[in-house]
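Residue-level listing of the chains:
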Amino acid sequence: MKCKKTVLKGGKTAASRPPIPVSPTNDKVRAVAFKIEDKVYEGSSGASHITLYASLLVNKRVPADTLAIWTRDEKNHGFVTEKGEFIGRSEVFRRMSAAYGQKQQSTNV
């Protein structure tokens, strides 16, 4: 299964984007991931959750019904940091908001 690369504004592809900073300590996101039954399934760098879902479905031959049940719960959607830690989506967005807030405060001084 081949996926097209999405071209973003400025001519960058999803794979060429820099890692998302998730905290002031420079712990950056490495890739999307699903956490299923205490096992983390990590996607390729720059891939989306949809691409990871398709990979599990096609390459790992996880049955569609099982995969749908696992991924239905938002708590199972997340990212893997450069240190290999799984972080849920809500935590990533919380950290990004905190980092953005600190950046805004430092530029408004």
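Here we summarise the structure given alongside this text.

Some details on helix 2 (residues 64-72)
Among all positions of helix 2, only Leu-67, Trp-70 and Thr-71 are buried. The buried residues of helix 2 all sit within an arc of 85 degrees when viewed along its axis, so they share a single face. What points out from helix 2, more than 90 degrees from its buried face, is the exposed set Asp-65, Ile-69 and Arg-72. Residues of helix 2 that are buried sit in contact with strand 1 (29-36), helix 1 (49-58) and strand 3 (77-81).

So, the pairing of strand 3
A large share of strand 3 lies buried, amounting to five of its five residues. Looking at chain direction, strand 1 and strand 3 are connected through five bridges and run antiparallel. Directly across from Ala-31, in strand 3, lies its bridge partner Val-80. The pairing of strand 3 with strand 4 (residues 86-88) spans three bridges and is antiparallel. Bridging from a neighbouring strand, Val-80 pairs with Phe-86 of strand 4. Hairpin remark: strand 3 followed by strand 4, antiparallel, with four residues in the connecting loop; positive phi at Gly-84, about 90 degrees.

Calculation rules
Residues numbered from 1 in each chain as written. Predicted model: local features only at pLDDT ≥ 70, side-chain atom pairs only at ≥ 80, totals over all residues. Heavy atoms only, no water. Buried < 20%, exposed > 50% of the residue type's maximum accessible area, 1.4 Å probe, protein only. Helix = DSSP H or I, 4+ residues; strand = E, 2+ residues; numbered from the N terminus. Arc of directions from axis to C-beta. Contact = heavy atoms within 4.5 Å. Pairing = 2+ DSSP bridges.

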